[in-house]
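# Structure assessment
Chain by chain, the residues run as shown.
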Amino acid sequence: GVCFGIRGCPEDGLAGILSPARTIHDVSIFQNHPETSAREVRALSAAAALHPEATPLLLTLETLPPSHAMPKPLLWRSAIEWLLESPSG
């Protein structure tokens, strides 16, 4: 299962439901825009703090990694690579 951040929530899209795989997914179209990056990282960090046992994963449509370092424990993957590598992809 996949848990995506929900837009319009008070916590900048905070994902409140864990997937059975214990992964929190946040999907962003563009990660190299400072405002978008800060918002997505803030939301995923907040979800990760609520669920420290889960892996927080930021997926973007960009194929290059973000130009800035991701704070721990956040991880980044290209959504295209992630979809192609997923068992249901």
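The following refers to the structure shown. (Residues numbered from 1 in each chain as written. Predicted model: local features only at pLDDT ≥ 70, side-chain atom pairs only at ≥ 80, totals over all residues. Heavy atoms only, no water.)

## Re the overall build of the protein
- Each helix and strand counted, the protein has two helices and three strands in total.
- Ordered by position in the sequence, the α and β elements of the protein form the string β-α-β-β-α.
- Within the span of the protein, comprising 89 residues, buried residues form 40% of the whole.
- Restricting to contacts in the protein with at least 6 residues of sequence separation, those with at least 24 account for 45%.
- Working note: accessible area of the protein is about 5,300 Å², and carbon and sulfur atoms make up 64% of it. (Helix = DSSP H or I, 4+ residues; strand = E, 2+ residues; numbered from the N terminus. Buried < 20%, exposed > 50% of the residue type's maximum accessible area, 1.4 Å probe, protein only. Contact = heavy atoms within 4.5 Å. Areas by Shrake-Rupley, 256 points an atom, 1.4 Å probe, with all protein chains shown as cover.)

## Looking at the side chain of Ser28
- Examined against the element boundaries, Ser28 turns out to sit in strand E1 (residues 23-28).
- Among all residues touching Ser28, those that are not within four sequence positions of it are Thr36, Glu40, Leu58, Leu59, Thr60 and Leu61.

## Here we look at the pairing of strand E3 (residues 75-78)
- Because side chains alternate across E3, one face comprises the buried residues Trp76 and Ser78, and the other comprises Leu75 and Arg77, none of which is buried.
- Pairing between strand E2 (residues 55-60) and E3: four bridges, direction parallel. Along E3, the bridge assignment pairs Thr60 with Ser78. (Pairing = 2+ DSSP bridges.)

## Topic: unusual backbone geometry
- Put simply, Lys72 and Pro73 share a cis peptide bond, and its omega is 5°.
- Take Pro73: it is sitting in the loop between E2 and E3.

## Quick look at the nonpolar core
- In this structure, Ile24, Val41, Leu44, Ala47, Ala54, Leu58, Met70, Leu74 and Trp76 together form the largest nonpolar core, which totals nine residues.
- It is helix H1 (residues 34-50) that contributes the most residues to this core, three residues altogether. (Core = buried A, V, L, I, M, F, W, Y, C linked by side-chain atoms within 4.5 Å.)

## Quick look at the pattern of salt bridges
- Using the criterion set out here, one finds three salt bridges in the structure.
- Close ionic contact of Arg77 with Glu81 constitutes a salt bridge, the shortest N to O distance being 3.9 Å.
- When the shortest N-O distance is used, the salt bridge between Arg77 and Glu85 registers 2.7 Å.
- Accessibility expressed as a relative area gives 23% for Arg77, which makes it partly exposed. (Salt bridge = Lys/Arg side-chain N within 4 Å of Asp/Glu carboxyl O.)

## Considering H1
- Between its first and last C-alpha atoms H1 spans 24 Å; for 17 residues at 1.5 Å apiece the expected length is 24 Å, and the two agree.
- Every buried residue of H1 is accounted for by Thr36, Ser37, Glu40, Val41, Ala43, Leu44, Ala47 and Ala48. Buried residues of H1 fall within an arc of 165° about the axis and therefore sit on the same side. Facing away from the buried surface of H1 by more than 90 degrees, the exposed residues are Pro34, Glu35, Ala49 and Leu50.
- Of the surrounding elements, those touching the buried residues of H1 are E1 and E2. (Expected span 1.5 Å × (residues − 1). Arc of directions from axis to C-beta.)

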